[in-house]
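What the coordinates show
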There are 4 protein chains.
Amino acid sequence: MAGNSIGKEFIVTSFGESHGKVVGVVVDGCPAGLPLSEADFQEELDRRIPAERKIVSARIEKDNVKILSGVFNGFATGAPIAVMVENKETNSNDYEAIKDLPRPGHSDYPARIKYGGFNDYRGGGRFSGRITVALILAGVIAKKLLNRYNVDVLAYTIAIGNIKSTKKFTAEEIRKNRSQASTRCPDLSCAERMEEAIIAAKAAGDSVGGVVECIALNMPVGVGEPLFDALDADLAKAVFAIPAVKGVEFGAGFRAAELMGSQNNDAFLVEGGKVVTATENAGGVLGGLSNGMPIELRVAIKPTPSIAKEQRTVNLSAMENASITVKGRHDPCVVPKAVPAIEAVVAITLADHMIRSGVIPKVLKAH
Amino acid sequence: MAGNSIGKEFIVTSFGESHGKVVGVVVDGCPAGLPLSEADFQEELDRRIPAERKIVSARIEKDNVKILSGVFNGFATGAPIAVMVENKETNSNDYEAIKDLPRPGHSDYPARIKYGGFNDYRGGGRFSGRITVALILAGVIAKKLLNRYNVDVLAYTIAIGNIKSTKKFTAEEIRKNRSQASTRCPDLSCAERMEEAIIAAKAAGDSVGGVVECIALNMPVGVGEPLFDALDADLAKAVFAIPAVKGVEFGAGFRAAELMGSQNNDAFLVEGGKVVTATENAGGVLGGLSNGMPIELRVAIKPTPSIAKEQRTVNLSAMENASITVKGRHDPCVVPKAVPAIEAVVAITLADHMIRSGVIPKVLKAH
Amino acid sequence: MAGNSIGKEFIVTSFGESHGKVVGVVVDGCPAGLPLSEADFQEELDRRIPAERKIVSARIEKDNVKILSGVFNGFATGAPIAVMVENKETNSNDYEAIKDLPRPGHSDYPARIKYGGFNDYRGGGRFSGRITVALILAGVIAKKLLNRYNVDVLAYTIAIGNIKSTKKFTAEEIRKNRSQASTRCPDLSCAERMEEAIIAAKAAGDSVGGVVECIALNMPVGVGEPLFDALDADLAKAVFAIPAVKGVEFGAGFRAAELMGSQNNDAFLVEGGKVVTATENAGGVLGGLSNGMPIELRVAIKPTPSIAKEQRTVNLSAMENASITVKGRHDPCVVPKAVPAIEAVVAITLADHMIRSGVIPKVLKAH
Amino acid sequence: MAGNSIGKEFIVTSFGESHGKVVGVVVDGCPAGLPLSEADFQEELDRRIPAERKIVSARIEKDNVKILSGVFNGFATGAPIAVMVENKETNSNDYEAIKDLPRPGHSDYPARIKYGGFNDYRGGGRFSGRITVALILAGVIAKKLLNRYNVDVLAYTIAIGNIKSTKKFTAEEIRKNRSQASTRCPDLSCAERMEEAIIAAKAAGDSVGGVVECIALNMPVGVGEPLFDALDADLAKAVFAIPAVKGVEFGAGFRAAELMGSQNNDAFLVEGGKVVTATENAGGVLGGLSNGMPIELRVAIKPTPSIAKEQRTVNLSAMENASITVKGRHDPCVVPKAVPAIEAVVAITLADHMIRSGVIPKVLKAH
């Protein structure tokens, strides 16, 4: 059973391949009445590009967004919203040559086995980072929806390789700073060193990974559907849709495993007539439910598997050892591109759960 | 929309509360022909108890498993399998008193808001560790199914607080050692120090967390359903069904974020006519698909939130600050109990995906 | 992929077999705050029995309902509600003898093939009318929920064999009359002739079928989720969960195919400040959405396949022609038993869609 | 929760509106290896048009099919297949004028209430017969898949208004005859009278309905997933995705309700080493499972609600009685257009269940 849809109320179905005609999504369950235009999507896609130019392999031609359905007179109609961008500049020649030589760290090998060799292997096909562009499109809808209910989702880089930023920033600072930093790290002095590390890795024919943090502010209390569809469970699942993710943690995360209960428990306080916690080790989730504090999660991104260095692999037809040098346009670090994608899937998951728990209604406002 | 079911082919629906009549599951989609008896379940539940006695609050009366449906003449019939245990020794008096005082680190507060105060708060209700007993029941079915296809799932403790074990063991050693260690850590000298740490925490009215590792051996290649139902995505989601989980990582995990691509990529080799990898940083998953190497994941467990020390909280009726001392029977460390639960949800997820990918058929063998 | 759950917000999972230990359901998604007790279920089950005694094979010992989970202090908690009855008086000897001889009109033959012979064939196993008792339990919850929003669901017999009732009755009359009539037909003079027809069929070692009509009053406008989860689509699907159903139609139904558009279209009118229709050919559904008029559907029930007369069949082991005389306790007409089951599945479907469309909230009323 | 997807293994997601840019589908779960080209889709769409010209409002410009994803080198890859046609010749002026005047028999009124007035009402929007073009696209994939396993699905008209055909035809005759008959009735003398009835209705500013029969030949035994996802249940649900459907029945259907058990039961026979039935009252389904005989269902189609005659309606803004004369291009009978749509949804449902039961594998054949 295929698994290209996610969500139970805000249902995102992904389609498209890296070197196929398009990448796109169908969003079923967007409440009628949400204002929506092609410009909303375009703006989000455009914003991603410039600062990254130095360190990532951004396709030069701009992605043009097309809304195919579900929007009428500037508003979501309640019908499924299909939205897509066409693929351009796809040079598939590089891939034909290495069809039998699976790239280490890539899905080439298990994908070939799973799909009996019928999968579109060009540029990683369905497994390409390119697919995240469509997630970002769905994320635009989710974020507009969440914003209407004051929820603000923000992702940003906090580590590249061994360079780690621990400074905390306001939402406003994060937005402003990350737009300037090629690495999307709001800690600008850190960001500079990160950029250098990426350029150095590239020069060495190598790559680096990193960690992306994502917060969601102003979440209402009680969102999430345990036992299985706990809020943290569904967020954890969602981030793995992004290639290169190898781990996720909430609040104190793996560090919580080293704390005593008396250190890790967040004491409750009444503050301004609201229940808050004195610390935020829980990452905004208790028992799978939002607790009203900021949602905070961190996502580990592995170094790009496509590197210029020669690597050992196997020839799957001959079933013998071989070596491979991956050619073509490759990012020495996918973390900057992962930032908006993680923001998108977190927003998608929160929008889904906000509708599931009844906080966001099925129709936003009648004419 | 409630979320008490997981899986798309091997579908587990959980029911029951900590202090209600029962905890149980319905498993829909178990292939007809799997041999199954109450003894299979009983054995798994019984095995958990003795060694843990020193450090956990095991209910003294034995859990008796009842199969309600789906098994006939010793085999799964293809119909839904309902299986449950009754709750005994539930002393609910301790909870009534603290109804208005949410325990820090617990779901009490968001659950009360979400369910409008109608939730069964006794012993944590649906949010109790007790619910994992039912997961273990479903896991028994999943493991029997997987074993038939040679897949072996094993969870064990690798850290309690700051005490960490890094030694590697064979499956046989893990099974043998963890049955002796109260903490379920196969590294027995480590296990002893872990036990001491737990006893010390208890003596201090405090608690500790830890890390559980889980491996799955002999997985076939190509299991998983990206984009969204990637194997790692669904495993990550599943482990969050267990209370106190705060993070999950695969293979090198968060450490991968610090490696160079040339270090992190696992080179492919032909070995004995099979494709293997020289290293195992991927944790057995590439692009959301199993790659034929052992699945390896680690799960961060926070320290038990129920501690004897006085803590700050709020009175939700009066909306004023208050303090709480949690009474009753509590484990100073839930990691040992999390071990079989994690093993169970990993097995459930793998069984589901083995059926989804067509490796396990719908009927095991006709009479 | 097994299919023992129905609904997307009010999710009913069925388990149990005719001659197994129990039949039961888990209902996930019942809004917290619905008052619920074992007496609610018991009353519904008890009400079914007495009048039917003359013509159906009611098990003599009373079914005792047990709520296993999801109810606390007399209210639904928001957690899954498991509820079941134990099977008694199961005499399985009659079935062993005919294991290889599939009964004409029964599922015996395809079930044996599908489940590789592992299915519980005693009394029809999962395919028995006994399974509808569990549907009725889920229906009790659905009806209590709907009643709170003024929706009233009523099923009743309108035909047994060739005897057809065309008189219209008020909801009150239907309730009163059908409780008196063994055949559950509110047209009491008709009901008497129906009873005679059933008794005559029994005397001849034969059986009869019939038609059940079901209405739902006071449905709000706009409930249903086209394209695929149209209200009529999901109602049509649901009724086929009841053994012996062979057709379903809404409003004018198959007769609409013979009308002109000018005859079949229901003109809109404003009446008492509300939009109503002058006629009710649509059966309360337009474009898959409720239109505010009574939902009206009719369900065709085939004659009971278990008849005393000798019938031709095959011996599946020997693969040769054979004959069979079905022994044991059998109803000459299952229509009276289908009435509450159809009422239940219609209520379940409407409750699901009322939550899906946001009319019924996730929590009914906070304490 | 929106409902624009159907199926659990062969999952069809529909998008698009009558007067929007496109109508399309995403098919997730098509087994890798199925040969597929734009020509396959185009051929099916083209075949529909010519004979119908006399009696339906076929858009004159040809629909051009575009495959957006999921096909590579002429084969399905295992990734989601997005396929669509653009809408042309949409004249939306006629609709603006009647925005406040819901057309009797149409979804206008409940759709406006449900979506708070945000729905695209032009040409019926999501509720238009135009949406069935996308279903036909998905059906092309399903039929190619089924054909590979010898299953042949065929729909055809058997009644228009009061003109009914009762003659039986071979699959070959049906295919040949229905392509010639504007009404898609294989009984050609009947077909002529049907055509006259449609032309007469049109002349009178009125419309007629009819009945479509659909058969599926060579189905294997045991396909279907009771309790709820019974084969007949899912087929019944699927046909209601087609506008104007008001009823569905299998085999003897509503007539079975009038038969005695001894008449309705289909005796089993061994014939050519296979189990068959002497009669076919069951319509190929027993207990929700295919029994190896031809699936046979009939679908009631109401007369087109759009008629030229003046009708009573209400002004929804003024909330007062009004009258309406529906302008624009309308079919006096939608039955001919419903034929390929019903064939498509039946094929989609059977393909889904053939995969669910394991008869059709996940990958068709490795390279």
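Residues numbered from 1 in each chain as written. Chains lettered and ligands numbered in written order. Predicted model: local features only at pLDDT ≥ 70, side-chain atom pairs only at ≥ 80, totals over all residues. Heavy atoms only, no water.

**With respect to the interface of chain A and chain B**
Taken together, the contact between chain A and chain B spans 105 residues of the former and 105 residues of the latter. Regarding the contact of chain A and chain B, the summed buried area is about 8,300 Å², with carbon and sulfur atoms giving 63% of it. By the criterion of area lost to chain B, the three top residues of chain A are A:Met1, A:Phe228 and A:Lys246, representing 10% of everything that side buries. In this structure, the connection of chain A to chain B is made through 8 salt bridges. (Contact = heavy atoms within 4.5 Å. Buried area = accessible area lost by both parts, 1.4 Å probe. Salt bridge = Lys/Arg side-chain N within 4 Å of Asp/Glu carboxyl O.)

**Some remarks on the sheet that holds strand E4 (residues 65-67) of chain C**
Strand order in the open sheet formed by 5 strands is E1-E2-E3-E7-E4 (chain C), and the pairing between neighbours is antiparallel. Single-partner strands in this sheet number two, and they are strand E1 (5-6) and E4 of chain C. (Pairing = 2+ DSSP bridges. Helix = DSSP H or I, 4+ residues; strand = E, 2+ residues; numbered from the N terminus.)

**Remarks on helix H9 (residues 335-356) of chain C**
Residues three or four positions apart in an α-helix share a direction because the helix packs 3.6 residues into each turn. All names here are of chain C. For H9, which comprises 22 residues, the first-to-last C-alpha distance of 31 Å matches the rise-based estimate of 32 Å (1.5 Å per residue) to within 8%. For H9, the buried fraction is high: 21 of the 22 residues fall into the buried class. Of the residues trailing H9, Gly 358 is marked for its positive phi of about 90 degrees. (Expected span 1.5 Å × (residues − 1). Buried < 20%, exposed > 50% of the residue type's maximum accessible area, 1.4 Å probe, protein only.)

**Topic: the nonpolar core**
If you look at the biggest cluster of nonpolar residues, it comprises 173 residues, and the most contacted ones within it are A:Phe10, A:Leu297, A:Ile342, B:Phe10, B:Leu297, B:Ile301 and B:Ile342. Residues contacting B:Leu297, with those up to four places away along its chain left out, are B:Val212, B:Glu213, B:Cys214, B:Leu235, B:Val239, B:Val248, B:Glu249, B:Phe250 and B:Val346. Core analysis: the next-biggest nonpolar cluster, separate from the first, contains 172 residues, C:Val140, C:Ala347, C:Ala351 and D:Ile55 among them. (Core = buried A, V, L, I, M, F, W, Y, C linked by side-chain atoms within 4.5 Å.)

**A few points about the relation of the copies chain A and chain B**
Under the fitted operation, chain A is carried onto chain B by 0.0 Å of movement along the axis and a turn of 180 degrees, and the coordinates agree to an RMSD of 0.0 Å. Such a combination of turn and shift is consistent with a two-fold rotation axis. Closest to the rotation axis within chain A is the C-alpha of A:Lys237, separated from it by 2.5 Å. (Least-squares fit on C-alpha atoms with pLDDT ≥ 70 in both.)

**Re the pairing of strand E13 (residues 274-277) of chain B**
Residues and elements named next belong to chain B. Where strand E12 (residues 268-271) and E13 come together, 4 bridges link them in antiparallel fashion. Residue Phe 268 lies in a different strand from E13, and its bridge partner there is Thr 277. Between E12 and E13, which follow one another and run antiparallel, lie 2 residues, and Gly 272 among them has a positive phi close to 60 degrees.

**Overview of the environment of C:Met319**
When you line up the elements, C:Met319 lands in the loop between strand E17 (311-315) and strand E18 (320-324). The class for C:Met319 is partly exposed, based on a relative accessible area of 33%. Sequence separation between C:Met319 and C:Asp100 is 219 residues, and the spatial gap between their C-alpha atoms is 9.5 Å. If we skip the residues at most four places from it in the chain, C:Met319 touches D:Val270, D:Gly273, D:Lys274 and D:Val275.

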